[in-house]
Amino acid sequence: WLGALRFDNLALRSLPVDASEEGGPRTVPGACFVRVRPSPLQNPRLVAMSLPALALLGLEVPAADPAAAEAEAALFFSGNRVLAGAEPAAHCYCGHQFGSFAGQLGDGAAMYLGEVLGPRGERWEIQLKGAGITPFSRQADGRKVLRSSIREFLCSEAMFHLGIPTTRAGTCVTSDSRVIRDIFYDGNPKNERCTVVLRIASTFIRFGSFEIFKPPDEYTGRKGPSVDRNDIRIQMLDYVISTFYPEIQEAYSDNTIRRNAAFFKEITKRTARLVAEWQCVGFCHGVLNTDNMSIVGLTIDYGPFGFMDRYDPEHICNGSDNTGRYAYNKQPEICKWNLGKLAEALVPELPLEISQLILEEEYDAEFEKQYLQKMRKKLGLIQLELEEDSKLVSELLETMHLTAGDFTNIFYLLSSFSVDIDPSKFEDFLEELTSQCASVEELKVVFKPQMDPRQLSMMLMLAQSNPQLFALFGTKANINKELERIEQFSKLQQLTADDLLCRNKRHWKEWLEKYRVRLQKEIESVGNADAWNTERVKVMNSNNPKYILRNYIAQNAIEAAEKGDFSEVRNVLKLLEHPFQEAEDFQEVKEDAEEEGATATAAVCSQQNRNRQPYCSKPPLWASELCVT
């Protein structure tokens with residue numbers, strides 16, 4: 001069935017490919033791609049496949065023999081066999097990582113297979129992520145493991161079905177080949193299965209692709225592999241704009257500077273809209289380096305990402321992000337910073353004074369516009385656009401923060417609130433709303449001090465006596481956060497569940513009264529209040545997901561898969577394809593899957609109580625221990 005794929009590898013025809021056949025990690029000057037070969041895996045087998053993603057390529061699983069189709073997918077999408085028409089290659093790019101220029105990076109584990117023409121003539125680049133060593137692998141082995149691959153596979157599809165621009169994932173294939181990984185960088189390595197994800201996108205070119213021309217960085221001393229090759233920069237701009245922004249190419253074909261400026265303006269606006277969409281579903285990317293920013297405005301490279309559970313504007317999803325550079329509330333400004341680095345990389349083909357002006361004029365305005373539009377939909381404000389709406393949103397988020405409310409579930413519940421709700425039903429609604437706020441036990445876990453008291457005392461003294469030495473060990477922000485944790489934890493020792501509930505209800509009553517007043521203004525502006533309310537609920541329910549890929553849901557699927565049971569990965573994938581629809585709880589979905597032929601070969605997870613957790617539930621207490629790096 002994979003013979004139906006029609007390859008037309010335009011990128012390799014349009015951009016320079018390295019002529020050297022030298023193997024192993026090396027610098028690749030004067031080229032955008034280098035040819036590679038996937039490394040075979042032992043006994044590859046399919047974990048799951050996304051039928052909607054594969055349909056982009058014109059693929060349909062043969063109904064007559066699905067088992068044979070799965071075996072074929074495992075063979076070709078593991079890299080053990082190369083598809084006819086495919087030309088495996090690795091892409092060269094650089095990047096600013098955590099704010100510092102890192103020099104050459106490139107596809108150290110991913111391999112471009114080629115570009116497939118879809119049924120409607122559209123072009124899709126397909127990649128194998130985790131297929132083996134490339135010249136960009138540095139000291140690594142070019143492999144990905146089951147744990148991280150399941151997360152990327154599921155989240156790629158989850159984001160698409162949430163309506164957020166993203167790369168897609170067609171298949172996830174694991175094997176009996178193994179590699180050693182020190183998951184938490186703590187000296188406790190683990191033997192893990194090599195796994196490969198088939199990734200699909202219009203292109204995987206990123207901001208960092210244009211940084212290969214960067215001269216030695218003034219701070220790190222590192223440089224790109226293709227310094228002084230402006231001819232390649234021109235080639236790349238011609239290719240990217242003509243292929244992915246054809247309307248801009250057509251409109252400005254006679255003026256390169258204006259064309260490049262229009263392109264930069266468009267990617268600026270796309271990036272602003274993208275991060276606004278992330279903020280509105282509580283998505284944190286985790287590693288927003290310039291090499292993880294798509295040149296066409298997609299969410300790309302799913303690593304230590306996370307959907308925020310309890311609303312915390314300073315939420316950090318990446319356990320390795322010690323300074324909180326990529327925290328939830330920092331994402332908009334970081335994406336703008338990354339666009340600034342892209343602007344620098346386009347010089348001299350787009351003068352910096354032009355691109356910087358575009359960035360200042362367009363980014364913040366586009367972000368605010370998209371963010372407020374989306375938030376109005378999430379709150380059902382469909383009739384009027386009032387200046388006060390921004391304040392209403394801010395006050396909602398502040399209330400969520402004060403009550404440690406679940407971001408996703410509280411938004412989802414708001415559609416059942418109405419202006420004329422009677423007092424008894426209002427109390428029921430308030431009970432349901434406050435049930436989505438953290439309990440005293442959960443808050444004690446959140447605010448549990450993380451430093452030994454002696455260590456904290458030493459750090460405080462060091463900050464006073466030797467600030468330069470202190471800067472090598474920590475930051476004032478981290479110390480202040482620890483002091484805040486200690487204070488909050490101390491207060492929680494005296495707080496009862498009834499006191500917390502009473503406090504939370506008071507906060508929510510205050511905000512709901514403001515929300516009620518705002519909804520009343522909507523009603524006063526329409527002729528038919530019932531029709532308006534029906535439409536309001538419909539809009540809210542199509543913008544507030546019931547199901548997201550929470551870390552604990554992914555972890556349950558991972559633990560089952562590591563024991564050889566892939567049914568939970570497939571269950572979760574099926575659920576995430578319909579994030580806005582009411583669905584059965586965990587057990588009922590599982591039974592449906594079993595009726596379709598998915599048989600469990602191992603326990604879903606190590607603790608029996610985990611498989612009773614509904615998919616839409618706020619996280620259980622054990623989930624607070626999960627750490628993604």
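Bear in mind the structure is a predicted one, so any value in this text is a computation, not a measurement.

Next up on the list: the packing of aromatic side chains. As enumerated under the stated definition, the model contains 19 aromatic pairs in all. Ring geometry for Tyr239 versus Phe244: centroids 5.6 Å apart, planes at 90°, classification edge-to-face. Tyr239 sits in the buried class, given a relative accessible area of 6%. The exposure class of Phe244 is buried, given its relative accessible area of 14%. An angle of 75° between the planes, with centres 5.2 Å apart, marks the rings of Tyr245 and Phe263 as edge-to-face. Highlighted residues: Tyr245 in the loop between helix H5 (230-244) and helix H6 (246-251) and Phe263 in helix H7 (residues 256-281), separated in sequence by 18 residues. Residue Tyr245 shares its accessibility class with Phe263, and that shared class is buried. Its guanidinium or amino end placed over the ring of Phe411, Lys378 lies 4.4 Å from that ring's centre, counting from NZ or CZ.

On to the packing of H7 against helix H8 (residues 331-346). Packing of H7 against H8 leaves a shortest axis separation of 10 Å and a crossing angle of 160°. With respect to their mutual orientation, H7 and H8 come out roughly antiparallel. Crossing geometry of H7 relative to H8 is assigned as right-handed. In this structure, H7 uses Phe263, Phe264, Ile267, Thr268, Thr271, Val275, Trp278 and Gln279 to contact H8, whose residues at the interface are Gln331, Pro332, Cys335, Leu339, Leu342, Ala343 and Leu346. Taken together, the residues that form the contact of H7 with H8 break down as 11 nonpolar, 4 polar and no charged.

Moving on to the pattern of salt bridges. Counted according to the given criterion, the structure contains 45 salt bridges. The salt bridge partner of Glu360 is Lys336, with a shortest N-O separation of 3.4 Å. Linking Glu360 in helix H9 (residues 352-378) with Lys336 in helix H8, this pair joins segments that are 24 residues apart in sequence. Assessed through its relative accessible area of 16%, Lys336 is described here as buried. Lys491 is the partner of Glu487 in a salt bridge, and the nearest nitrogen-oxygen pair spans 3.4 Å. Taken as a pair, Glu487 and Lys491 lie in helix H16 (residues 476-492) at a separation of 4 residues, close to a single helical turn.

Buried residues dominate strand S8 (residues 123-129), accounting for 6 of its 7 residues. Bridge analysis of strand S7 (residues 110-117) against S8 gives 7 bridges, and the strand direction is antiparallel. Counted as the bridge partner of Glu115 is Glu125 from S8. Hairpin geometry of S7 and S8 is characterised by an intervening segment of 5 residues between the two adjacent antiparallel strands and by a positive phi of about 85° at Gly121. For S8 and strand S11 (residues 190-201), the ladder comprises 5 bridges, and the chain directions are antiparallel. From the neighbouring strand, Lys129 faces S11, where its bridge partner is Val197.

About the cut-offs
- Each chain carries its own residue numbering, running from 1 in the written order of its sequence.
- Since the coordinates come from a predicted model, pLDDT governs what is reported: local features require at least 70, and pairs of side-chain atoms require 80 or more to be given and counted, while whole-chain, interface and lining totals use all residues.
- As a rule here, side-chain values cover all heavy atoms of the structure and leave hydrogens and water aside.
- For this analysis, a ring pair means two rings from Phe, Tyr or Trp (six-membered ring only for Trp) whose centres lie within 6.5 Å, classed as stacked if their planes differ by under 30 degrees, edge-to-face if by over 60, and tilted for the remaining angles.
- Using a 1.4 Å probe on the protein chains alone, a residue whose accessible area is under 20% of its type maximum counts as buried, one over 50% counts as exposed, and one in between counts as partly exposed.
- Put simply, DSSP marks the helices as runs of H or I at least four residues long and the strands as runs of E at least two long, and each gets a number from the N terminus on.
- Placement of a positive charge over a ring is assigned whenever Lys NZ or Arg CZ falls within 6 Å of the ring centre and within 35 degrees of the normal to the ring plane.
- To get an axis, a line is fitted to the C-alpha atoms, and for a helix only the part in contact is used. The angle between two axes follows their N-to-C directions and goes from 0 to 180 degrees.
- Any angle from 65 to 115 degrees is called roughly perpendicular, while one under 35 is roughly parallel, one over 145 is roughly antiparallel, and all others are oblique.
- By convention the crossing between two helices is left-handed if the near helix lies anticlockwise of the far one by an angle smaller than a right angle, and right-handed if it lies clockwise.
- Two residues qualify as a contact provided that any one of their heavy atoms is within 4.5 Å of a heavy atom in the partner residue.
- Each residue is assigned to one class: nonpolar for Ala, Val, Leu, Ile, Met, Phe, Trp, Tyr, Cys and Pro, charged for Asp, Glu, Lys and Arg, and polar for all the others, Gly among them.
- Any carboxyl oxygen of Asp or Glu that lies within 4 Å of a side-chain nitrogen of Lys or Arg is treated as forming a salt bridge with it.
- Strand pairing is defined by DSSP finding a minimum of two bridges between the two strands.

Such coordinate-based values are descriptive only and should not be taken to indicate function.
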